[in-house]
Amino acid sequence: MAELRDVTEADYNLFFDILKENAEWVRRKGHPAWPEEHLTNVKEYYKNKKSCLKICYVEDKPAGTVIFDETDFDIWGPAGLDGKAVYVHKLCVREPFMKKGLSLELLDKARKYAAENGKEYLRLDCQSFNLKVKGIYLAFGFQLVGSKDFGNYKASLLEMKI
């Protein structure tokens, strides 16, 4: 069973090291992944919001990451400020822990977090072309509610009623 821990100052860099590791794995598989400059921007953005950042531990080993945020104007526009949702970002699982249901467990923890915080929805976005990831989200209960084209990033917007 996975345990989510808030990121502290001491493990802030570990969080981003896991993201970089995951991005490298995705690239080795021949797919586009978060560019280094994007991760640098994310690191800067969240430096004062560390409580949103979570590291997932399995048997006391860091196994993945996830961000639970209460706003997301950049992707969702005005809806991203409506106060009705928790936004899931940077959900990733380290290679040794893949294919063991950890992604679904993290999504379930996100759903519970949203419910405990009185939210109506769980929202996330993913690359539109990534049918495998999008399929995981749809099978979990998300619905495709829109898309956005940012030029270098074509996003599918997914939402689940809590």
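Residues numbered from 1 in each chain as written. Predicted model: local features only at pLDDT ≥ 70, side-chain atom pairs only at ≥ 80, totals over all residues. Heavy atoms only, no water.

**Some points on the pattern of salt bridges**
Then step 1. Going through the model one piece at a time under the given rule, you end up with 13 salt bridges.
Then step 2. Of the charged contacts in the structure, one is a salt bridge between Glu 21 and Arg 94, with a shortest N-O distance of 2.8 Å. You can see Glu 21 sitting in helix α1 (residues 12-28) and its partner Arg 94 sitting in the loop between β4 (85-93) and α4 (102-116), a full 73 residues away along the chain.
Then step 3. Of the charged contacts in the structure, one is a salt bridge between Glu 159 and Arg 123, with a shortest N-O distance of 2.7 Å. Pair noted here: Glu 159 is in strand β7 (residues 154-161) and Arg 123 is in strand β5 (residues 121-127), with a separation of 36 residues, a long-range link. Comparing Glu 159 with Arg 123, the two get one shared label, buried. (Salt bridge = Lys/Arg side-chain N within 4 Å of Asp/Glu carboxyl O. Helix = DSSP H or I, 4+ residues; strand = E, 2+ residues; numbered from the N terminus. Buried < 20%, exposed > 50% of the residue type's maximum accessible area, 1.4 Å probe, protein only.)

**Side note on the nonpolar core**
Then step 1. Counting 24 residues, the largest nonpolar core has Leu 102, Leu 122 and Phe 142 as the members making the most contacts within it.
Then step 2. Elements supplying a minimum of two residues to this core: β2 (53-58), β3 (61-69), β4, α4, β5, α5 (131-140) and β7.
Then step 3. When residues of this core are assigned to their parent elements, the largest contribution, five residues, is made by α4.
Then step 4. Not counting chain neighbours up to four residues away, the residues in contact with Phe 142 comprise Leu 107, Leu 122, Arg 123, Leu 124, Tyr 137, Leu 158, Glu 159 and Met 160.
Then step 5. Membership of the second largest hydrophobic core comes to 15 residues, among which are Tyr 12, Leu 19, Leu 39 and Tyr 46. (Core = buried A, V, L, I, M, F, W, Y, C linked by side-chain atoms within 4.5 Å. Contact = heavy atoms within 4.5 Å.)

**Quick word on the packing of aromatic side chains**
Then step 1. By the definition in use, this model includes eight aromatic pairs.
Then step 2. With a centroid separation of 4.7 Å and 85° between ring planes, the pair formed by Tyr 45 and Tyr 46 is classed as edge-to-face.
Then step 3. Take Tyr 45: its relative accessible area is 44%, and that puts it in the partly exposed class.
Then step 4. Each ring, one from Tyr 137 and one from Phe 142, has its centre 5.9 Å from the other, and the planes form 65°; the classification is edge-to-face.
Then step 5. An aromatic cluster of at least three residues, connected via ring pairs, comprises Tyr 12, Phe 15 and Phe 16.
Then step 6. Across the ring face of Trp 76, the terminal group of Arg 123 is positioned such that the distance to the ring centre comes to 5.3 Å. (Phe/Tyr/Trp six-rings, centres within 6.5 Å; stacked < 30°, edge-to-face > 60°. Lys NZ or Arg CZ within 6 Å of the ring centre and 35° of its normal.)

**Quick word on unusual backbone geometry**
Then step 1. We note that Lys 90 has phi near 50°; this positive angle belongs to a residue other than glycine.
Then step 2. Summarising the element assignment, Lys 90 is placed in strand β4.
Then step 3. The class for Lys 90 is buried, based on a relative accessible area of 13%.
Then step 4. Although it is not a glycine, Lys 99 sits at a positive phi angle of roughly 60°.
Then step 5. Positionally, Lys 99 belongs in the loop between β4 and α4.

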